[in-house]
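# Structural features, examined
These are the residues of each chain, in order.
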Amino acid sequence: MIFHQPENSLTNYRFNAVTYTDTVWDSHFHKNMELIWVLEGAVNCTVGGRSFRLTRGDAGLCLPYDIHKYVPEADTVYWVLVFSEDFVHAFAKQITGKTGDGFAFRLPPDTEAYLKARLLENPAPSVFTLKSCLYGVCEAYLEAVPLTDK
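Residues numbered from 1 in each chain as written. Predicted model: local features only at pLDDT ≥ 70, side-chain atom pairs only at ≥ 80, totals over all residues. Heavy atoms only, no water.

### Here we look at the overall build of the chain
Within the chain, the regular secondary structure consists of three helices and 12 strands. Here the C-alpha radius of gyration of the chain, 14 Å, is about what a compact globule of 150 residues would show, namely 15 Å. By its C-alpha atoms, the chain is 35 × 35 × 30 Å across when sized along the principal axes. In the chain, which comprises 150 residues, the proportion classed as buried is 44%. Taking contacts inside the chain between residues at least 6 apart in sequence as the whole, the part at least 24 apart equals 77%. A total of about 7,500 Å² of accessible surface is found on the chain, and carbon and sulfur atoms cover 52% of it. Both charge centroids of the chain, one from 13 positive and one from 18 negative side chains, sit 5 Å from each other. (Helix = DSSP H or I, 4+ residues; strand = E, 2+ residues; numbered from the N terminus. Rg over C-alpha atoms; globule rule 2.2 N^0.38 Å. Buried < 20%, exposed > 50% of the residue type's maximum accessible area, 1.4 Å probe, protein only. Contact = heavy atoms within 4.5 Å. Areas by Shrake-Rupley, 256 points an atom, 1.4 Å probe, with all protein chains shown as cover. Lys, Arg positive; Asp, Glu negative; His and termini not counted. Charge placed at Lys NZ, Arg CZ, Asp CG, Glu CD.)

See below:
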């Protein structure tokens, strides 16, 4: 069964970030984008009907309305950040009418360090911090995942 998460479909600079330990997320979708970043262990992800296995340090980005599911392996810790396109207008414009030909990518070491320092360890970042971090994520995604027309 696939379910819609209406709370993750709201705009106007909405975001939420949660660290999960061994939490399974069944197939769901929402309007906002979703970053998953594996901190320890491995997560088996299904996105748009395709399977991906993310391990420590790997990231994945779900675009708006991508149907996705996460099944972590034992002793896994992963971080999920759901965010509205308001934070990344230029990226949102670039992906309009497109889909990612993939999902998984690696964050460059400097982007990873910046995310850890500015978001992972900061429960209330400013809008400017969020934008700077998310544009770094979007850049890494675009460098690794080609876009194709829907």
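The structure having been displayed, the exposition proceeds.
### Focus: the sheet that holds strand β9 (residues 77–83)
Read across the sheet, five strands follow the order β2-β9-β4-β7-β11 without closing on themselves; strand pairing throughout is antiparallel. At either margin of the open sheet sits one strand with a lone partner, and together these are β2 (15–21) and β11 (104–106). Each neighbouring strand pair of the sheet contributes to a mean axis angle of 25°, computed without reference to strand direction. Judged from the four bridges that link them, strand β4 (residues 33–40) and strand β7 (residues 58–62) form a sheet pairing that is antiparallel. Paired with I36 across the strands is G60, a residue of β7. (Pairing = 2+ DSSP bridges. Axes fitted to C-alpha atoms, helices over the stretch in contact; angles between N-to-C directions.)

### Digging into the packing of aromatic side chains
Scanning the entire structure with this criterion turns up eight aromatic pairs. Both rings, one in F15 and one in F87, keep their centres 6.2 Å apart while their planes meet at 85°; by these two values the pair is edge-to-face. Remark: F87 occurs in the loop between β9 and α1 (89–95) and F15 occurs in strand β2; sequence separation between them is 72 residues. Taken together, a centroid distance of 5.3 Å and an interplanar angle of 50° make the contact between F52 and F103 tilted. Placement of F52 in strand β6 (residues 50–55) and of F103 in the loop between β10 (98–100) and β11 is noted, with a sequence separation of 51 residues between them. (Phe/Tyr/Trp six-rings, centres within 6.5 Å; stacked < 30°, edge-to-face > 60°.)

### Points about unusual backbone geometry
Among all residues except glycine, the phi angle is most often negative; among peptide bonds, the trans geometry is most common. A positive phi angle, near 70°, is found at Y65, a position not held by glycine. As for its placement among the helices and strands, Y65 is situated in the loop between β7 and β8 (68–72). One non-glycine residue, D75, adopts positive backbone phi at about 60°. Take D75: it is sitting in the loop between β8 and β9.

### Considerations on helix α2 (residues 109–120)
Every buried residue of α2 is accounted for by T111, E112, L115 and L119. Looking straight down α2, one finds that the buried residues subtend no more than 100° of arc, so they occupy a single side. Set apart from the buried face of α2 by more than 90 degrees, the exposed residues are P109 and D110. In this fold, the buried residues of α2 make contact with β4, β9 and α3 (127–144). (Arc of directions from axis to C-beta.)

### As for the nonpolar core
In this structure, L35, L61, F83, F91 and F105 are the most contacted members of the largest nonpolar core, which totals 27 residues. At the level of elements, β4, β7, β9, α1, α2 and α3 are the ones that each hand at least two residues to this core. Residue contacts for L35: discarding those within four places in its chain leaves A59, G60, L61, W79, V80, L81, F83, F105 and V137. Counting 14 residues, the second-largest nonpolar core is a separate cluster that includes Y20, I36, V38 and L54. (Core = buried A, V, L, I, M, F, W, Y, C linked by side-chain atoms within 4.5 Å.)

### Notes on a nonpolar patch on the surface
A surface patch of nonpolar side chains, about 310 Å² in accessible area, is lined by Y13, V127 and F128. Within the secondary structure, V127 is located in helix α3. (Patch = residues over 30% accessible without salt bridge, like charges linked within 9 Å, V, L, I, M, F, W, Y side chains within 5 Å. Salt bridge = Lys/Arg side-chain N within 4 Å of Asp/Glu carboxyl O.)

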